[in-house]
Amino acid sequence: VQLQASGGGLVQAGGSLRLACAASGGTFTSYTVGWFRQPPGKEREGVAVFRWSGGSTYYRDSVKGRFTISRDNAQTTMYLQMDNLKPEDTAVYYCAVGRPALSAMWSDKMYYYWGQGTLVTVSS
C-alpha cells in the first residue's frame, strides 16, 4: 500500500484544515490508520488513530474535541479534520498504516506504510 498525504498549509490560529491520506495499491480495510505529527525540533507523536476492527477512534489529549479522523466509503482515503487550530499544532503531519495491538497504537514503530508528510503551519 502506498500512501499520499495532502491538505497541509498555512492557517491562522482558530482556523481549520482537512488533511487527506489516499491509498493506492490497496485499501485501508483491515488496517489501523494513524495520523502522526512531528513539530519542529521535536519527536514524532501520534495524533489520532482509527482502528478498523470496530471502527474505534482515539485522539491524543491535546487535540480531543478539535480533530476528527474519518474515512470515505470506498475505504481508500482517510481524513483528519482539524478545527480551532493552535500554533502548537504546527508540524509535519504523516499518515501511516499498520496492525498494532491496542496497547501499542501510539508507537510509530508499529506502522509499516507511511505517507510522505504534509506541513501544517498555524500562525498566531
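Our subject in this report is the structure included herewith.

Conventions we followed
- Residues numbered from 1 in each chain as written.
- Predicted model: local features only at pLDDT ≥ 70, side-chain atom pairs only at ≥ 80, totals over all residues.
- Heavy atoms only, no water.
- Disulfide = S-S within 2.5 Å.
- Helix = DSSP H or I, 4+ residues; strand = E, 2+ residues; numbered from the N terminus.
- Buried < 20%, exposed > 50% of the residue type's maximum accessible area, 1.4 Å probe, protein only.
- Pairing = 2+ DSSP bridges.
- Polar contact = N/O pair within 3.5 Å; in protein donor to acceptor, adjacent residues only side chain to side chain.
- Contact = heavy atoms within 4.5 Å.
- Core = buried A, V, L, I, M, F, W, Y, C linked by side-chain atoms within 4.5 Å.

The next point concerns the state of the cysteines. Summed over all chains, the structure comprises one disulfide. C21 shares a disulfide with C95; S-S distance 2.1 Å. One disulfide, between C21 and C95, carries an S-S torsion of 70 degrees and so falls in the right-handed class. Residue C21 is found in strand β3 (residues 17-24), and its partner C95 is found in strand β9 (residues 91-98); the two are separated by 74 residues along the sequence. Residue classification places C21 among the buried residues on the basis of a relative accessible area of 0%.

With that settled, the discussion passes to unusual backbone geometry. The phi torsion at S30 lies on the positive side, around 80 degrees, for a residue other than glycine. Mapped onto the elements of the fold, S30 is located in the loop between β3 and β4 (32-38). Given a relative accessible area of 41%, S30 falls into the partly exposed group. The phi dihedral of Q75 is positive, around 60 degrees, even though this residue is not glycine. Within the secondary structure layout, Q75 lies in the loop between β7 (67-71) and β8 (77-82).

Attention shifts here to the pairing of strand β11 (residues 118-123). Residues of β11 alternate between two faces, with T118, V120 and V122 buried on one and L119, T121 and S123 left unburied on the opposite face. For strand β2 (residues 9-12) and β11, the ladder comprises four bridges, and the chain directions are parallel. Residue pairing in the sheet places L10 in a bridge with T121 of β11. When β9 meets β11, the two strands line up antiparallel, connected through three bridges. Looking at β11, one finds that V92 is bridged to L119.

Locating R66 in the fold gives a position in the loop between β6 (56-59) and β7. A polar atom in the side chain of R66 sits 2.9 Å from the backbone oxygen of S62. Apart from residues no more than four positions distant in its own chain, R66 is found in contact with Q81, M82, D83, N84, L85, K86 and D89.

Attention shifts here to the nonpolar core. With 29 residues, the main nonpolar core has F28, F67, I69, M78, L80, M82 and Y93 as its most contacted residues. Listing elements by their share of this core, those giving two or more residues are β1 (2-6), β3, β4, β5 (45-51), β7, β8, β9 and β11. Residues within four places of Y93 in sequence aside, it is in contact with L19, F36, R37, V47, F67, L80, M82, G117, T118 and V120. Counting residues in hydrophobic clusters, the runner-up holds five residues, among them F36, V49, A96 and M105.

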